[in-house]
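# Chains, contacts and geometry: an overview
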Amino acid sequence: MPFTSATFDFLRELAANNERAWFQENRARYQRDVRAPAVAFILAVGEALNDLSPHLRADPRPVGGSLFRIHRDVRFARDKRPYKTSVGVQFRHARGRDAHAPGLYLHIEPGACFVGLGVWRPSPPALRAIRDRLVEDPAGWRAAVSGKPFRSTFSLDGEGLSRAPRGYDPGHPLIEDLKRKDFVAVHHIPDDFVTAPSLPEDFLRVAGAGEPFLRYLCGALDVPF
């Protein structure tokens, strides 16, 4: 069951009616047009994921698996809207317990879809390990992010520091990368990329261009790729 225009219709309407009463009235639409195709996508990708890495996992459980919850955590947020107006699917590394492990990601949002990979907001020890690897192996980093398949497909994204992190040389040739708080790469896609029947194959083809980047991060974090 693929994603369809109904998926995007639901997300647009949810953005305009982000309240529990509306969601409860439209829960069946969410399950049919969002959750069911997301689970089908996860299952389809899982069948071929080993070709990229045997250590990435596709978990089709509708709760606690690769599909992110539609509910927002509003406990400490000023924005009290209860629901996310996008769909997130992540294929995590087997060694990771949460979204901060190296992995692949599909973001579905009207007019703002993308394929992502890498490590978003790693813990302080993991961030230091990645930065230390950049210092120890700058040539490997340059090779991972400068190869033609990667450069023609992905752009590095995420937040960074305004100054050199403590303990690192402000004059280091890779200082702009050492300032990164996220080590993620993004490939923006049109909405019809998501609704194409070939989405699982297209997603893995795009992700494959990021293999050197993922491999480098896994090496930095001392986990297999």
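Anything mentioned here points back to the structure above.
Residues numbered from 1 in each chain as written. Predicted model: local features only at pLDDT ≥ 70, side-chain atom pairs only at ≥ 80, totals over all residues. Heavy atoms only, no water.

If you tally the helices and strands in the protein chain, you get 10 helices and 5 strands. A compact globule built from 225 residues would reach a C-alpha radius of gyration of about 17 Å, and the protein chain, at 18 Å, matches this within 12%. Evaluated residue by residue, the protein chain yields a buried proportion of 44% over its 225 residues. Within the protein chain, counting contacts between residues at least 6 apart in sequence, those at least 24 apart form 65% of the total. Here the protein chain displays about 11600 Å² of accessible surface, and carbon together with sulfur accounts for 51% of that area. Between the mean site of the 32 positive side-chain charges and the mean site of the 27 negative ones, the protein chain shows a separation of 6 Å. (Helix = DSSP H or I, 4+ residues; strand = E, 2+ residues; numbered from the N terminus. Rg over C-alpha atoms; globule rule 2.2 N^0.38 Å. Buried < 20%, exposed > 50% of the residue type's maximum accessible area, 1.4 Å probe, protein only. Contact = heavy atoms within 4.5 Å. Areas by Shrake-Rupley, 256 points an atom, 1.4 Å probe, with all protein chains shown as cover. Lys, Arg positive; Asp, Glu negative; His and termini not counted. Charge placed at Lys NZ, Arg CZ, Asp CG, Glu CD.)

We now examine the packing of aromatic side chains. Counted by the stated rule, this structure contains 16 aromatic pairs. With centroids separated by 5.5 Å and ring planes inclined at 50 degrees, the aromatic side chains of Phe23 and Tyr30 adopt a geometry described as tilted. One exposure class covers both Phe23 and Tyr30, and it is buried. On the basis of an interplanar angle of 65 degrees and a centroid distance of 5.9 Å, the ring pair of Phe41 and Phe91 is categorised as edge-to-face. (Phe/Tyr/Trp six-rings, centres within 6.5 Å; stacked < 30°, edge-to-face > 60°.)

Along strand S5 (residues 183–189), 5 of the 7 residues are buried, which leaves the element largely enclosed by surrounding structure. Here 7 bridges tie strand S3 (residues 113–119) to S5, and the two strands are oriented antiparallel to one another. In the strand pairing of S5, Val119 is matched with Phe183. (Pairing = 2+ DSSP bridges.)

Within the element layout of this structure, Thr7 appears in helix H1 (residues 5–16). Thr7 gets classed as buried once you look at its relative accessible area, which sits at 0%. A polar contact of 2.6 Å, which involves the side chain of Thr7, links it to the backbone oxygen of Asp33. Those residues within four positions of Thr7 in sequence are excluded, and the remaining contacts are Asp33 and Val34. (Polar contact = N/O pair within 3.5 Å; in protein donor to acceptor, adjacent residues only side chain to side chain.)

By the secondary structure assignment, His93 is in the loop between strand S1 (87–92) and strand S2 (103–108). For His93, a relative accessible area of 3% gives the class buried. Within the structure, the side chain of His93 is placed 2.9 Å from the backbone nitrogen of Arg95, a separation counted as a polar contact. Beyond its immediate stretch of four places on either side in the chain, His93 contacts His55, Leu56, Ala101, Pro102, Cys218, Val223 and Pro224.

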